[in-house]
Amino acid sequence: MKTILLTFRKLKKSKTATLLGIAGLVTGLVCVLYIFFWVNDETRYDRFHKNIDRIFVVHAYLEGGTKTVNFNGCPPAVSPALKAEYPEVESTCRYIPAYSKFLITAEGKKNVLNTAFSDNSLFDIFTLPFIYGNQGDPNVKNQIVLTKTASAGIFGDMNPVGKMVRFNNSQDLVVAGVIDDIPHNSTIQFDAVLPLENLGVLYGQTNNNYLNTWYNNSFTTFGLLSSPSGFEKIATSITRRIQKDIPESTNYLRAYLFKNGYLYEQKHISNVRIFSLIALLVLFAATLNFINLITAKSTKQAKETGLRKSIGATRGNIIKLIYSDVAILCLLAFVLAFFVAIVGLPLFNQMIGKQIEYSALFSPKPIAIMVLAYLVTTFLAGSYPAFFLSSFKITETLTSNFHSVKSRGIFRNSLLVTIFMVSIILLTSTIVISKQTLFLQKMDIGFNKDQLIYVNLDGKLQEKAKSLKEEIGRSAGVSSSTITDFLPVFVGNNGEGWGWEGKDANFKPLVTTCSTDEDMIKTLEAKLIEGNYFSNDRQGIVINKAFADVIGWKNFVGKTLNAYGQTHQVVGVINNIEYNSLAESCRPMVIGQINEQSARYLIIKANSNQMDKTIKSISKICEDIEPDFPVSYGFVDQEYAKLYASETNLKQLVGVFSGFTIIVLCLGLLGVVMFMAEQKTKEIGVRKCLGEQETSIIMRLVRPLLLSGIGASAIAIPATWYAMNRWLENFANKTTLSWWIFVMAVLIVLGIALLTVSWQSWKAATRNPVEALRYE
Amino acid sequence: MIHLNNIDKYYDSKFQRTFVLKAVNLEVKEGEFVSIMGPSGSGKSTLLNIIGLLDAPSAGEYSLYDKSVLDLKEKAKVDYHRNFMGFIFQAYHLIEEMTVYENIETPLIYKGVKSRDRQAMVADLLDRFNMVAKKDLFPQQLSGGQQQLVGIARAIIGKPKLLLADEPTGNLQSVQGEMIMETLQQLNNEGMTIIQVTHNEKFAEYGKRIIRLEDGIIRKDVASKIVFSI
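Small disclaimer: the values here were computed from a predicted structure and weren't measured. (Residues numbered from 1 in each chain as written. Chains lettered and ligands numbered in written order. Predicted model: local features only at pLDDT ≥ 70, side-chain atom pairs only at ≥ 80, totals over all residues. Heavy atoms only, no water.)

Moving on to the interface of chain B and chain A. In this complex, chain B contributes 22 residues to the contact, which on the side of chain A involves 22 residues. When the two sides are added together, the surface that chain B and chain A hide from each other amounts to roughly 2200 Å², 61% of it contributed by carbon and sulfur. Counting the surface chain B buries against chain A, the share from its top three residues, B:His93, B:Glu97 and B:Tyr110, is 32%. Taken together, the links from chain B to chain A amount to 0 salt bridges. Joining chain B to chain A, the criterion identifies 3 residue pairs in polar contact (both at pLDDT 80 or more). Every element with two or more residues in the side of chain B that touches chain A is listed here: helix H2 (74–83) and helix H3 (100–111) of chain B. If you tally residues by element for the side of chain B that touches chain A, the top one is H3(B), at 5 residues. Its residues assigned to classes, the side of chain B that touches chain A shows 9 nonpolar, 6 polar and 7 charged. (Contact = heavy atoms within 4.5 Å. Buried area = accessible area lost by both parts, 1.4 Å probe. Salt bridge = Lys/Arg side-chain N within 4 Å of Asp/Glu carboxyl O. Polar contact = N/O pair within 3.5 Å; in protein donor to acceptor, adjacent residues only side chain to side chain. Helix = DSSP H or I, 4+ residues; strand = E, 2+ residues; numbered from the N terminus. Nonpolar A, V, L, I, M, F, W, Y, C, P; charged D, E, K, R; others polar.)

Rendered as structure tokens:
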């Protein structure tokens, strides 16, 4: 108790320095806490499933093209085969993620829900607890399971089990159960889930053969092991399973543990590592800063220690005293940081696009880590002053002109260099990541994504696509439109069955296929390299440049390609249209002429500034043709933004954290300059008496800071250059690491540093020399 | 009680050895009040620090009660500081964050005295120095003389046999200085051995014996006039 009291009195005495130190530590800690929350959230992805250690995923990959292509899913026949052939496998499940929204009508309400399709065993494998009802009978096709929110949107608070809903305006389903809402950090996400057998209705299939095929890699396949040790056997023996039934297939299987899916398969672990490192650096910098500021008054403190020794304190007493002093200040900082972190959490969530909940903070693991961080910080922050101060000779400290600062130069410089370094590294990374994001945003993607509206062709809109197109073409503000089976950013249909004259029989590249009507070039503003686009008079296919490069001919018009037993005449070659992933270079693509059954989107080029009006008139036309479905439309540029969403996210995160370190840096610099000014009061006084100018005195105070900043950049620049180069290697389309990025980052950090210290230096330099010299 | 034999204190620099104290012989008996005088840099404070075990001599012998106290272990030294001697400083060296009461109490805490006993002892001393009303004030709220009184109280609370004072009046005006000296004299009359370092001829006279140091050598060691006049 006594020590707490004394610490607070001390705090009151040397307010500015201690408060700066605490503020720096709080800022650092808040940053570390947020990184910790973020890392915690990332690493807890999918961990809420009780069977997490026993769930595995099987996916297919293709070899035969220029490089291996990975699929998220595998053929639907794999799932029953696994269950039958491996006694270690308790259960398996095929799952089609909620790629699209479907209309669910009930109680006179129209609801558009993210709908997944799955085997009934989904609920055996994963922890998706039911509020009402259950998963239903595995043999019943016409049923649906809703999430709590989705159910509330249709039925309100009542129990909907047994009620009917109408799916896609074509089929009646019974509500079998309602599950609790799925946590945000889950790979499996949907509003509603239907038995897989309903997929057939969607694709116009009457039998269930499509669920027994060894082709079609679109089925995400999960398995539940009876014990985690069974995984090894599956992982080693599954590779050539498809070949047992289809010997000529070039698709192979691979299994991984579901718990590794998010972090390792999707490579989120690298960001987790990067940010953990940042957290350590920031904590280190903030602690150094804290030590520096609490020892700023070490002359006085050394005297006190000397005195205490003379009245009978042992070295142990002194060390204990200093540690408890630091422990109390640290505790104050930690409590404050915790409070600030909680208050700022909604803002942080908003900035990084996550939903971290308060409950995440109060579980045992984060609290244990916080306590550990507290102990480490206290130990680090206390050790230096404790051993430094208690090491002085008593007689030295008690003379009136004692200065304890001689040996602190190296310490203070290394502190400054460290904080400068972390700031420059983070700021440079922010700039590079922003530049890359901007590059992805602005790069030539083969078409003009601006002012493109798309309409989903639901219900009768599909069969009446042509008249819809004509109708919309007549309305004001629309310059052209095209019917397609894909959106330019996501094309899912592909296969390795394409052949051409002179092709090596073992070479089987994966080729994406899609179809449009003849107005695609005009609407998307895509560019033809060779020949023409197809039209009613000019039947044939168009290939993209990537495919043309793979085939390697000089010209293509008039030549033929064959696929799955059919021959197609090439009428033109278009420039690559980027799709699916910006990290990879554009893959081969074939565009064919669309038929009525496969029409899924109408993409419309708007030419007016009154987007609202245009959309209103489009909606009106759609409603007139198909009143049963609510009009669902979107913007292509927004869809495109999803392709680089993770980079945008990373930019936000690194930006936030570099902001934090720069605050720590400023607080640290402020403390250091105050301390230097105080320590040099006498020197400044003497120099002024001898006629030195104020500007020169200011330079005297600022120069060492600038030197540390420049020294820090000598380490920071190569380190960042290396790290960012490696990061950029992940992208096929990448920006350059220009020299100006580094210069700019260093200048910004040094500029902020200078601004921070200028006031203090000026104050020190303009002080009356008489006052300074009287100081003893 | 104190026996210094041939004490040297010197610092070696590259080419020469600088002596602060040279062949100092000194014997102090229990109950004495010794004033050490001399110009700046004559080695007065160093001598006092050596006696107070805050500094070690470069050569010579030093014994307290016929027991050598050179090469003592840290723990033994701390024991002497806790139980045998008290210090008073020119700059008072009170702990700024502590009240008068807490400053005086601190040595007792290190000594391991129980809380109730501490209260009684501090209260006694406050009473004796007429500072009861000031016990909750902080040092900077007191005058220099009062601060030094607190310094003395802190030095004697542990009932030391030896009180070492390094220019106890150096920062004080003469009236306050006299008050301090009278206090010291009174303590001496009660049997405490006191050694003080001072610049002030008048205050030196409060001692029963005056030692004059010059360039680290004892030039004079005489009984003071006041003793004669008694």
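Moving on to the domain arrangement of chain A. All names here are of chain A. Partitioning chain A into structural domains gives domain 1 (2–42 + 270–440 + 645–773), domain 2 (54–265) and domain 3 (452–641). Taken together, the two surfaces of domain 2 and domain 3 that pack against each other cover about 1200 Å², and 57% of this comes from carbon and sulfur. It is Gly64, Lys110 and Asn169 in domain 2 that bury the most area against domain 3; as a group they hold 29% of the surface buried on that side. Inspection of the domain 2/domain 3 interface yields 0 salt bridges. Of the residues contributing to the side of domain 2 that touches domain 3, the split by class is 5 nonpolar, 7 polar and 3 charged. (Domains from an automatic or database assignment.)

All names here are of chain B. On the basis of which strands lie adjacent, the open sheet formed by 6 strands has the order E6-E7-E8-E3-E9-E10 and mixed pairing. In this open sheet, the two strands that pair with only one neighbour each are strand E6 (85–88) and strand E10 (217–223). Averaged over all adjacent pairs, the angle separating strand axes in this sheet is 15°, with direction ignored. Here 4 bridges tie strand E3 (residues 33–37) to strand E8 (residues 193–197), and the two strands are oriented parallel to one another. (Pairing = 2+ DSSP bridges. Axes fitted to C-alpha atoms, helices over the stretch in contact; angles between N-to-C directions.)

All names here are of chain A. Across the interface, helix H10 (residues 269–294) lies against helix H22 (residues 645–679) with an axial gap of 9 Å and an inter-helix angle of 10°. Between H10 and H22, the crossing angle belongs to the class labelled roughly parallel. Between H10 and H22 lies a crossing of left-handed hand. Judged by residue contacts, Asn271, Phe275, Val282, Ala285, Ala286, Asn289, Asn292 and Leu293 of H10 engage Leu650, Leu653, Val654, Phe657, Thr661, Val664, Leu667, Gly668, Gly671 and Val672 from H22. Residues belonging to the contact of H10 with H22 are distributed by class as follows: 12 nonpolar, 6 polar and no charged. (Parallel < 35°, antiparallel > 145°, perpendicular 65-115°, else oblique. Left-handed = near helix turned anticlockwise from the far one by under 90°.)

The method is simple in principle: a probe with the dimensions of a water molecule rolls over the atoms, and the space it marks as empty is what remains. Applying the stated criterion across every chain yields a total of 6 cavities of 30 Å³ or more. In this structure, the largest cavity occupies an estimated 230 Å³ of space. Forming the walls of the largest cavity are 18 residues, and the residues nearest its centre are A:Lys10, A:Ser14, A:Ile294, A:Gln301 and A:Asp325. When residues of the lining of the largest cavity are assigned to their parent elements, the largest contribution, 4 residues, is made by helix H12 (residues 315–352) of chain A. Its residues placed into classes, the lining of the largest cavity shows 7 nonpolar, 5 polar and 6 charged. There is about 110 Å³ of room inside the second largest cavity. Taken together, 14 residues form the lining of the second largest cavity, with B:His81, B:Arg82, B:Met85, B:Pro107 and B:Ala155 sitting closest to its centre. Those elements giving two or more residues to the lining of the second largest cavity turn out to be H2, E6, H3 and helix H5 (144–156) of chain B. Considering each element in turn, the lining of the second largest cavity owes the most residues, 3 residues, to E6(B). (1 Å grid on protein atoms, 1.4 Å probe; cavity = no way out; pocket = protein on both sides within 12 Å on 5 of 7 lines; lining within 4 Å. Points joined across faces, edges and corners; volume = space filled by probe spheres on them.)

Where charged atoms from two side chains of opposite charge approach closely, those side chains can pair. All chains considered together, the criterion is met by 29 salt bridges over all chains. Close ionic contact of A:Glu90 with A:Arg54 constitutes a salt bridge, the shortest N to O distance being 3.6 Å. In this pair, A:Glu90 is assigned in strand E3 (residues 89–96) and A:Arg54 in the loop between helix H2 (15–43) and strand E1 (55–62), connecting sequence segments 36 residues apart. Across the pair B:Glu105 and B:Arg118 runs a salt bridge, and its minimum N-O distance is 2.9 Å. Taken together, the positions of B:Glu105 in helix H3 and B:Arg118 in helix H4 (residues 115–128) put the pair 13 residues apart, joining distant regions of the chain. What makes B:Glu105 buried here is its relative accessible area of 6%. The class for B:Arg118 is buried, based on a relative accessible area of 15%. Through salt bridges with shared partners, one network takes in A:Glu85, A:Arg241 and A:Asp245. (Buried < 20%, exposed > 50% of the residue type's maximum accessible area, 1.4 Å probe, protein only.)

Ranked by size, the top nonpolar core spans 144 residues in total, and within it A:Tyr34, A:Phe37, A:Phe275, A:Phe290, A:Phe348, A:Phe420 and A:Phe657 carry the most contacts. Ranked by residue count, the leading element in this core is H12(A), at 16 residues. Non-local contacts of A:Phe37, meaning those with residues more than four positions away in its chain, are made with A:Ala341, A:Leu345, A:Ile356 and A:Leu361. Membership of the second largest hydrophobic core comes to 36 residues, among which are B:Leu54, B:Phe89, B:Ile95 and B:Leu162. (Core = buried A, V, L, I, M, F, W, Y, C linked by side-chain atoms within 4.5 Å.)

Looking now at the packing of aromatic side chains. Residues and elements named next belong to chain A. The full count for this structure, using the stated rule, is 35 aromatic pairs over all chains. With centroids separated by 6.4 Å and ring planes inclined at 55°, the aromatic side chains of phenylalanine 36 and phenylalanine 37 adopt a geometry described as tilted. Both residues of the pair, phenylalanine 36 and phenylalanine 37, count as buried. Aromatic pair tryptophan 553 and phenylalanine 556: ring centres 5.6 Å apart, planes at 35°, arrangement tilted. The class of tryptophan 553 is partly exposed, set by a relative accessible area of 22%. We classify phenylalanine 556 as buried; its relative accessible area is 3%. Aromatic rings pair up to connect Tyr34, Phe36, Phe37, Trp38, Phe275, Phe348, Phe657 and Phe660 into one cluster. (Phe/Tyr/Trp six-rings, centres within 6.5 Å; stacked < 30°, edge-to-face > 60°.)

With that settled, the discussion passes to helix H1 (residues 44–51) of chain B. Because each turn of an α-helix spans 3.6 residues, side chains separated by three or four positions in sequence point in the same direction. All names here are of chain B. The buried count for H1 comes to 7 of 8 residues, which makes it a mostly enclosed element. Among all positions of H1, only Lys44, Thr46, Leu47, Leu48, Asn49, Ile50 and Ile51 are buried. After H1 finishes, the residue leucine 53 shows a positive phi value of roughly 60°.

All names here are of chain B. Taken in spatial order, the 4 strands make up an open sheet running E2-E1-E4-E5, and their pairing is antiparallel. Among the strands making up the open sheet, the edge pair consists of strand E2 (17–28) and strand E5 (67–68). Sheet topology places strand E1 (residues 2–12) next to E2; 8 bridges connect them, and they run antiparallel. Across the sheet, tyrosine 10 pairs through a bridge with phenylalanine 19, a residue of E2.

So, on to the environment of A:Leu705. Residue and element names in this part refer to chain A. One can find leucine 705 in helix H24 (residues 694–728). The exposure class assigned to leucine 705 is buried, which follows from its relative accessible area of 5%. Between the C-alpha atoms of leucine 705 and glycine 382, which are 323 residues apart in sequence, the distance is 25 Å. Residues contacting leucine 705, with those up to four places away along its chain left out, are Leu416, Phe420, Leu669, Val672, Val673 and Val757.

This brings us to the pairing of strand E23 (residues 601–606) of chain A. All names here are of chain A. Along E23, 6 of the 6 residues are buried, which leaves the element largely enclosed by surrounding structure. As defined by bridge partners, strand E13 (residues 452–456) adjoins E23 across 5 bridges and the pair is classed as antiparallel. The residue of E23 that forms the bridge with tyrosine 454 is isoleucine 603. As judged from the 6 bridges shared by strand E14 (residues 478–484) and E23, these two strands associate in the antiparallel manner. Opposite serine 481, over in E23, you have isoleucine 604 as the bridge partner.

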